[in-house]
Amino acid sequence: MTAAALVWHQFRYDQKIFWRNPASVFFTVMLPVLFMVIFQLLFGDQTVNGRHIKVSTYYVPSIITLGVISATAVNLAINLTREREAGLMKRARGTPLPAWVFIAGRIGNALVVATIMLVLVAGLGRIAYGVAIPWSEAAAVLATLVIGAASFCAIGMALTTIIPSFDAAPAITQAVFLPLYFLSGVFIPDDQIPSGVLHVAGVFPIRHFFLSFINAWVPSGGGFDPGDLALVALWGAVALVVALRRFRWTPVGG
């Protein structure tokens, strides 16, 4: 088989495995949608000071941010750790399947799910809450999606290098990402977060990924800033180096 055929075969396999796992589908796809519905019910009629937009508009790009990170970094970190500790990755490494094809299939699956999350949340926001889709800013939105998803895939793979077991994987990933969702303005409108906290959050990629999305989705809120995406890409590049140097195919225990 050609390299392209191998990647396509692995990608189709990973897609089937993902969609046949109800737990993965719920936590990766449905949970962000559930968060969006809850936040809209609680805060939908309020206005975000400084951006002069309704909270219903604010939460569309924020939940897209959450969905993309969940589909890439969180999903990859947990599932790759599970397969590593179960010996499945070691077994795959012993087959003629090239290692890069195995990883490409997983990353391809994550990118497709991230794209589905964008379409799903944008469609729900338009139909249920009247939030306009910024067709004129499609290039900025697409660039944010591609660069952000690729960077968080690398971050997810790098994160596996510090996770010692599958039991620890969900706890460590949530300990890393959940506080940053709150600090970065994903769960709480950033006008309600102290500026000092936002400066701390600005060290990490979630804040800049979110800013890229909301400023592309709502240009009146500040306009698209490539500098935010550059910082996300920098985090992704560093994570890729870590993953290439420390990624394990065998269980940590041996």
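Look up a bit, the structure's there.
Residues numbered from 1 in each chain as written. Predicted model: local features only at pLDDT ≥ 70, side-chain atom pairs only at ≥ 80, totals over all residues. Heavy atoms only, no water.

(A) Region of interest: the overall build of the chain. When you go through the chain residue by residue, the secondary structure sums to ten helices and two strands. The N-to-C order of helical and strand elements in the chain reads α-α-β-β-α-α-α-α-α-α-α-α. Relative to its length of 254 residues, the chain is compact, with a C-alpha radius of gyration of 18 Å against a globular reference of 18 Å. Taking the principal axes of the C-alpha coordinates as reference, the chain spans close to 55 × 35 × 30 Å. Long-range contacts, defined here as pairs at least 24 residues apart, represent 76% of the contacts in the chain between residues at least 6 apart. Counting only carbon and sulfur atoms, one obtains 69% of the accessible surface of the chain, whose full area is about 11,900 Å². Charge separation in the chain, taken as the distance between the mean sites of 16 positive and 10 negative side-chain charges, equals 14 Å. (Helix = DSSP H or I, 4+ residues; strand = E, 2+ residues; numbered from the N terminus. Rg over C-alpha atoms; globule rule 2.2 N^0.38 Å. Contact = heavy atoms within 4.5 Å. Areas by Shrake-Rupley, 256 points an atom, 1.4 Å probe, with all protein chains shown as cover. Lys, Arg positive; Asp, Glu negative; His and termini not counted. Charge placed at Lys NZ, Arg CZ, Asp CG, Glu CD.)

(B) Geometry of the environment of Ala 171. With respect to the secondary-structure elements, Ala 171 resides in helix 7 (residues 169-183). Owing to a relative accessible area of 52%, Ala 171 belongs among the exposed residues under this scheme. Here the alpha-carbon distance between Ala 171 and Ile 78, two residues 93 residues apart in the chain, equals 9.6 Å. (Buried < 20%, exposed > 50% of the residue type's maximum accessible area, 1.4 Å probe, protein only.)

(C) Here's a closer look at the side chain of Gln 15. On the secondary structure map, Gln 15 appears in helix 1 (residues 3-19). Discounting residues that sit within four places of it in the chain, Gln 15 has contacts with Asn 109, Val 112 and Val 113.

(D) Region of the structure containing the packing of helix 5 (residues 99-129) against helix 6 (residues 138-159). Helix 6 packs onto helix 5 with a crossing angle of 135° between their chain directions and a minimal axis gap of 10 Å. The angle between the axes of helix 5 and helix 6 places the two elements in the oblique class. Where helix 5 crosses over helix 6, the handedness of that crossing is right-handed. Residues Ile 103, Ile 107, Ala 110, Leu 111, Ala 114, Thr 115 and Leu 118 of helix 5 pack against Val 141, Leu 145, Ala 149, Ala 150, Cys 153 and Met 157 of helix 6. Partitioning the contact of helix 5 with helix 6 into residue classes produces twelve nonpolar, one polar and no charged. (Axes fitted to C-alpha atoms, helices over the stretch in contact; angles between N-to-C directions. Parallel < 35°, antiparallel > 145°, perpendicular 65-115°, else oblique. Left-handed = near helix turned anticlockwise from the far one by under 90°. Nonpolar A, V, L, I, M, F, W, Y, C, P; charged D, E, K, R; others polar.)

(E) Geometry of the packing of aromatic side chains. Scanning all chains against the criterion turns up 16 aromatic pairs. Geometrically, the ring pair formed by Tyr 58 and Phe 210 is edge-to-face, given 5.5 Å between the ring centres and 70° between the ring planes. Here Tyr 58 is found in helix 3 (residues 55-85), whereas its partner Phe 210 is found in helix 9 (residues 205-217), with 152 residues between them in sequence. Classification of Phe 210 by relative accessible area gives buried; the value is 0%. (Phe/Tyr/Trp six-rings, centres within 6.5 Å; stacked < 30°, edge-to-face > 60°.)

(F) Region of interest: the environment of Ala 239. Position of Ala 239 among the secondary structure elements: in helix 10 (residues 226-246). Taking relative accessible area as the criterion, Ala 239 reaches 7% and is therefore assigned buried. A sequence separation of 83 residues divides Ala 239 from Gly 156, and the C-alpha atoms of the two residues are 8.3 Å apart. Filtering out sequence-adjacent residues up to four positions away, Ala 239 remains in contact with Ala 154, Ile 155 and Ala 158.

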